[in-house]
Amino acid sequence: MDEPQERKCVVCTNYYTTPKILPCGHLMCQQCVISWMYSKPRAGCPLCRCPIVEQSDGSSSDTVDALPTDFVMEALVESARVLSKDHLCCVCDTKKAENICIQCQDKMCSSCAQLHKKMSATRSHDVESVSTVTPERLAASRPALCADHGDKQAEYFCREHRLAVCRACRSHEHKVCLKVSFLDDETESVQKSLNDLTKILVEAEQKLEQAIGQLTSRLQEVDVSEQEDMAQVDKTCDRLHKLVEDFRNKLKDKTRTSHLQIKNSLRDVKTALSNRLGNVTSHKHIVTRVTSVSPRPALIHMTEALADRVNSLDLSADLQGEVWVKLSSSVECCQEVVGRIEQELLTFEQQKTKTKTQDFPKSIIADLNRGKKPSL
């Protein structure tokens, strides 16, 4: 059976163990996060380099414990392990298990699977071939069991203790709890919250992608403008004599530098938005996975954690005004330079017609002979 990389930690490359959701939306094993932070105190996410924690005054262990746990991924990993193991039939213990009961999650041989379907208690269960069952389906079919009695069906959810409980626990241990509701009602409520989160993340993702697209177009415009300005610089410098050759190079360097500064600024904004988009997309995938798989208790636990996380994300896709600042063109500068040089050359020529050559400063003649711009 294939083992998608999304179920494996990027640090230890094994199946996730207590997967923690980082601020960027990527996952790491709880112990891997602790080890990663211990070995590199200021290290960010190994995938995107985003900070793992903004500020931490406590220990690494306490900081990691505060990160939300991806219970859905935990259920997917456990289901994948169940499906990947080459178990013997859990009933007869002699034959290879080729089938699995979706509800009981027990693996059985063909003979025992037929008996399982005939028993009155399990007659309605879905028994399928192990090769056709996915971890997602197996995880989604997990029964909601009582937190205190693992063998009993959970029918209620205590919001005060954040636990799914059976009817007996509702009548005894949670009798005085004021915020106890039916598990199905609680599931329906958080399902609506997940839909709202999905809508928010999808809209934010679209806006960020649009903003990044605008920045890409803007960068292309800057490149075109740079090329046009450089061409104008070349055209202008070609009109000048060798005495302004050094000036040509300086003008080109200035133009290149000014556009490079603008492009660097735009790239910085684009990089920031790309990181923001990565965070939004990662959380959208988590919300989508929770929505599609959603073991009931895990669904309830994760919805609030994801809601808090999404509310803390920077979903802004607005581009600041400085991005659209009009580019300074070299055209006017070049025309002004040509005009000044032409005027200086005209003045120099007029002076030459009125004054004898020997009357000119020797420094000017020396500059002309060396091909330099005369100091007038």
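Residues numbered from 1 in each chain as written. Predicted model: local features only at pLDDT ≥ 70, side-chain atom pairs only at ≥ 80, totals over all residues. Heavy atoms only, no water.

Under an unreviewed UniProt entry, the name given to the protein is RING-type domain-containing protein, and the source organism is Pomacea canaliculata.

**Considerations on the overall build of the protein**
Put simply, the rule is: Counting from the N terminus, the helices are DSSP H or I runs at least four residues long and the strands are E runs at least two residues long. Exposure classes here rest on a 1.4 Å probe applied to the protein chains alone. A residue is buried below 20% of its type maximum, exposed above 50%, and partly exposed in between. Contact criterion: two residues are considered in contact whenever any of their non-hydrogen atoms come within 4.5 Å of each other. With residues, only the protein chains shown are counted as cover, and all accessible areas are computed by Shrake-Rupley using a 1.4 Å probe.
When helices and strands are tallied, the protein shows eleven helices and eight strands. Split into buried and exposed, the 376 residues of the protein put 39% on the buried side. Relative to all contacts within the protein whose residues are 6 or more apart in sequence, the contacts with residues 24 or more apart total 60%. For the protein, the accessible area works out to roughly 21,900 Å², and carbon and sulfur atoms hold 49% of it.

**Description of the UniProt feature "coiled-coil region" (unreviewed entry) in the protein**
Short version of the rule: UniProt positions are given in the numbering used here, feature names are shortened, and annotations may be inferred rather than shown by experiment.
Taking the numbering used here, the UniProt-annotated feature "coiled-coil region" (unreviewed entry) corresponds to residues 187-221. Helix makes up 100% of residues 187-221 and strand 0%, and the two end C-alpha atoms of the span are 50 Å apart.

**Quick word on the sheet that holds strand S4 (residues 107-108)**
For clarity, the cut-off: The pairing criterion for strands is at least two bridges between them, as found by DSSP.
The three strands are arranged S4-S3-S5 in an open sheet whose pairing can be described as antiparallel. Pairing within the sheet leaves two strands with one partner each, and these edge strands are S4 and strand S5 (127-129). Here three bridges tie strand S3 (residues 99-101) to S5, and the two strands are oriented antiparallel to one another. By the bridge assignment, Asn 99 is partnered in S5 with Ser 129.

**Points about the nonpolar core**
The line we're drawing: We define a nonpolar core as any set of buried Ala, Val, Leu, Ile, Met, Phe, Trp, Tyr and Cys residues linked to one another through side-chain atoms lying within 4.5 Å.
If you look at the biggest cluster of nonpolar residues, it comprises 61 residues, and the most contacted ones within it are Leu 22, Val 33, Val 290 and Leu 306. Of all the elements in the fold, those that place two or more residues in this core are strand S2 (27-29), helix H1 (30-39), helix H3 (71-84), helix H7 (183-238), helix H8 (245-293) and helix H9 (296-312). The element best represented in this core is H7, accounting for twelve residues. Filtering out sequence-adjacent residues up to four positions away, Leu 22 remains in contact with Met 28, Val 33, Cys 45, Ile 52, Leu 67, His 283 and Arg 309.

**Description of helix H4 (residues 110-118)**
Put simply, the rule is: Within this analysis, the arc is defined by the directions that extend from the helix axis to the C-beta atoms.
Every buried residue of H4 is listed here: Cys 112, Ala 113 and His 116. Mapping the buried residues of H4 onto a view down its axis gives an arc of 105°, with all of them on the same face. Exposed and facing more than 90 degrees away from the buried side of H4 are Gln 114, Leu 115 and Lys 118. Each element contacted by the buried residues of H4 is listed here: S3, S4 and S5.

**Re the packing of aromatic side chains**
Between two aromatic rings, the relevant description is the distance of the centres plus the angle of the planes. Here is the rule we go by: A pair of aromatic rings is counted whenever rings of Phe, Tyr or Trp (Trp by its six-membered ring) have centres within 6.5 Å, and the orientation is called stacked for planes under 30 degrees apart, edge-to-face for over 60 and tilted otherwise.
Considering all chains together, one arrives at one aromatic pair under this definition. Considering the side-chain rings of Tyr 156 and Phe 182, the 5.1 Å spacing of their centres and the 25° angle between planes classify their relative orientation as stacked. With Tyr 156 in strand S6 (residues 156-158) and Phe 182 in strand S8 (residues 180-182), the pair connects residues that are 26 residues apart, well separated along the chain.

**Side note on the sheet that holds strand S7 (residues 163-165)**
Where we set the bar: A fitted line through C-alpha atoms represents every axis, and for helices the fit uses only the stretch in contact; the resulting angles, taken between N-to-C directions, go from 0 to 180 degrees.
Read from one edge of the open sheet, three strands run S7-S6-S8, paired in antiparallel fashion. Two strands lie at the open edges of the sheet, namely S7 and S8, each paired on one side alone. Across the sheet, the mean angle separating the axes of adjacent strands is 30° when strand polarity is ignored. Two elements, S6 and S7, share three bridges in a ladder whose sense is antiparallel. Bridging across to S7, Phe 157 finds its partner in Ala 164.

**Remarks on a nonpolar patch on the surface**
Stated formally: Any residue with relative accessible area above 30% and no salt bridge may belong to a patch, with like charges joined within 9 Å and the nonpolar Val, Leu, Ile, Met, Phe, Trp and Tyr side chains within 5 Å. Criterion for a salt bridge: a side-chain nitrogen of Lys or Arg within 4 Å of a carboxyl oxygen of Asp or Glu.
Taken together, Val 10, Val 11 and Leu 47 make up a surface patch of nonpolar side chains, about 220 Å² in accessible area. One can find Val 10 in the segment before strand S1 (19-21). By relative accessible area, Val 10 is classed as partly exposed at 36%.

**Some remarks on H3**
Each full turn of the α-helix corresponds to 3.6 residues, which orients residues three or four apart in the same direction. Rule in force here: Between the first and last residue of a helix there are one fewer steps than residues, each counted as 1.5 Å, and that sum is the expected span. Polar contact is defined as a pair of N or O atoms within 3.5 Å, subject to the rule that within protein one atom must be able to donate a hydrogen and the other to accept it, and that residues adjacent in sequence are counted only when both atoms are side-chain atoms.
Counted at 1.5 Å a residue, the expected span for H3 with its 14 residues is 20 Å, and the 20 Å between its end C-alpha atoms agrees. Three or more residues of H3 are buried, namely Val 72, Met 73, Ala 75, Leu 76, Val 77, Ser 79, Ala 80, Val 82 and Leu 83. Sitting at the head of H3, Asp 70 places a side-chain oxygen 3.3 Å from the backbone nitrogen of Val 72.

**Some words on the side chain of Thr 122**
Secondary-structure assignment places Thr 122 in the loop between H4 and S5. Judged by relative accessible area, Thr 122 falls into the buried class, the value being 9%.

**Points about the environment of Leu 313**
Looking at the element boundaries, Leu 313 is found in the loop between H9 and helix H10 (331-354). We classify Leu 313 as buried; its relative accessible area is 14%. Along the primary structure Leu 313 and His 283 are separated by 30 residues, whereas in three dimensions their C-alpha atoms are 9.6 Å apart. Excluding anything up to four places from it in sequence, Leu 313 contacts Pro 23, Leu 201, Asn 279 and His 283.

**Observations regarding the state of the cysteines**
Stated formally: Two cysteine sulfurs form a disulfide in these notes if their separation is within 2.5 Å.
The full count for this structure, using the stated rule, is zero disulfides. Free of any disulfide, Cys 109 has its nearest neighbouring cysteine sulfur in Cys 112, separated by 3.5 Å.

**A closer look at the pattern of salt bridges**
Tallied over the full model, the rule gives 14 salt bridges. Where Arg 167 meets Glu 155, a salt bridge forms, and the shortest distance between an N and an O atom there is 2.9 Å. Of this pair, Arg 167 sits in helix H6 (residues 167-171) while Glu 155 sits in the loop between helix H5 (135-140) and S6, and the two are twelve residues apart along the sequence. A salt bridge links Arg 340 to Glu 336; the shortest N-O distance between them is 2.6 Å. With Arg 340 and Glu 336 both in helix H10 and four residues apart, this pair spans about one turn of that helix. Salt bridges here are not isolated pairs; linked through shared partners, they connect Arg 159, Arg 162, Glu 186 and Glu 304.

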